[in-house]
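Spelled out from the first residue to the last, the chains are:
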Amino acid sequence: MRTMPLTPITPRKNQYALRAVFELAKHCGKGPIKISDIADAQSIPLRFLEVILNQLKGSGLIAAKRGFYGGYYLTRSPDRITVANIISFMLGPPKQPLCAACVAKVKCPHGNRCAFSAMWNRVNRAVLQVYNETTIQDLLDNDRQLRSKKRSSSKRPLKTRQGRSL
């Protein structure tokens, strides 16, 4: 079976939001982290990150402290934040029902007669399940494992808290 190249299935803005929260989680309990440090560590354009962090403050997942010793920090522990929490907040509520199979997205010309709809709905459910089952702590643990893997030659699959491979 030939492997297909994987492409990101979430917009770059959402990927940056995940990376920003991940970086905040790496510093959890150590006080606020400056936006420039987050941008540098995760290779996120600073102006874009400002918008994303401002938006994420509305989620209640992060907060900001002003002043010389200020910056951003998580309001929950990383094991209580899922990837789904971040992605769903960034996407916001759907404005209209969307067709998972259709390029048109709204007012699908194929209606209920679409041969692709069931497949794309399964893909979407599978992705959502992964997002729901993966916490930021899982990503921190995987990062730690990858860093230690560089020092050792063990090849253990990366896992979520539920024991599923990532």
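In case you missed it, the structure is sitting above this.
Colleague: So what's going on with the overall build of the protein? Residues and values would help.
Modeller: Of the regular secondary structure elements, the protein holds 6 helices and 2 strands. The order of α-helices and β-strands along the protein, N terminus first, is α-α-α-β-β-α-α-α. By the burial criterion, 31% of the 166 residues in the protein qualify as buried. Restricting the contact set of the protein to residue pairs at least 6 apart, pairs at least 24 apart contribute 56%. With the model as given, the accessible surface of the protein reaches about 11600 Å², and the carbon-plus-sulfur share is 56%.

Colleague: So what's going on with the packing of helix α2 (residues 35–42) against helix α3 (residues 46–57)? Which residues, and what values?
Modeller: The contact between α2 and α3 brings their axes to 10 Å, and the two run at 115°. Relative to α3, α2 is oriented so that their crossing is right-handed. In this structure, α2 uses Ile35, Ser36, Ile38 and Ala39 to contact α3, whose residues at the interface are Leu46, Leu49, Glu50 and Leu53. Here the contact of α2 with α3 is built from residues that sort into 6 nonpolar, 1 polar and 1 charged.

Colleague: With reference to specific residues and values, describe the environment of Tyr69.
Modeller: Mapped onto the secondary structure, Tyr69 falls in the loop between β1 (62–65) and β2 (71–74). Residue Tyr69 is classed as exposed on the basis of its relative accessible area of 65%. Along the primary structure Tyr69 and Pro32 are separated by 37 residues, whereas in three dimensions their C-alpha atoms are 7.4 Å apart. Among all residues touching Tyr69, those that are not within four sequence positions of it are Pro32 and Lys34.

Colleague: Account for helix α4 (residues 83–91), naming residues and giving values.
Modeller: Among the residues making up α4, those that are buried are Val83, Ala84, Ile86, Ile87 and Met90. An end-on view of α4 places all buried positions within 165° of arc, on one side of the element.

Colleague: With reference to specific residues and values, describe the packing of helix α1 (residues 12–26) against α3.
Modeller: Across the interface, α1 lies against α3 with an axial gap of 10 Å and an inter-helix angle of 75°. The angle between the axes of α1 and α3 places the two elements in the roughly perpendicular class. For the pair α1 and α3, contact is made by Lys13, Tyr16, Ala17, Ala20 and Val21 and by Phe48, Leu49, Ile52, Leu53, Gln55 and Leu56, respectively.

The rules behind each value
Residues numbered from 1 in each chain as written. Predicted model: local features only at pLDDT ≥ 70, side-chain atom pairs only at ≥ 80, totals over all residues. Heavy atoms only, no water. Helix = DSSP H or I, 4+ residues; strand = E, 2+ residues; numbered from the N terminus. Buried < 20%, exposed > 50% of the residue type's maximum accessible area, 1.4 Å probe, protein only. Contact = heavy atoms within 4.5 Å. Areas by Shrake-Rupley, 256 points an atom, 1.4 Å probe, with all protein chains shown as cover. Axes fitted to C-alpha atoms, helices over the stretch in contact; angles between N-to-C directions. Left-handed = near helix turned anticlockwise from the far one by under 90°. Nonpolar A, V, L, I, M, F, W, Y, C, P; charged D, E, K, R; others polar. Arc of directions from axis to C-beta. Parallel < 35°, antiparallel > 145°, perpendicular 65-115°, else oblique.

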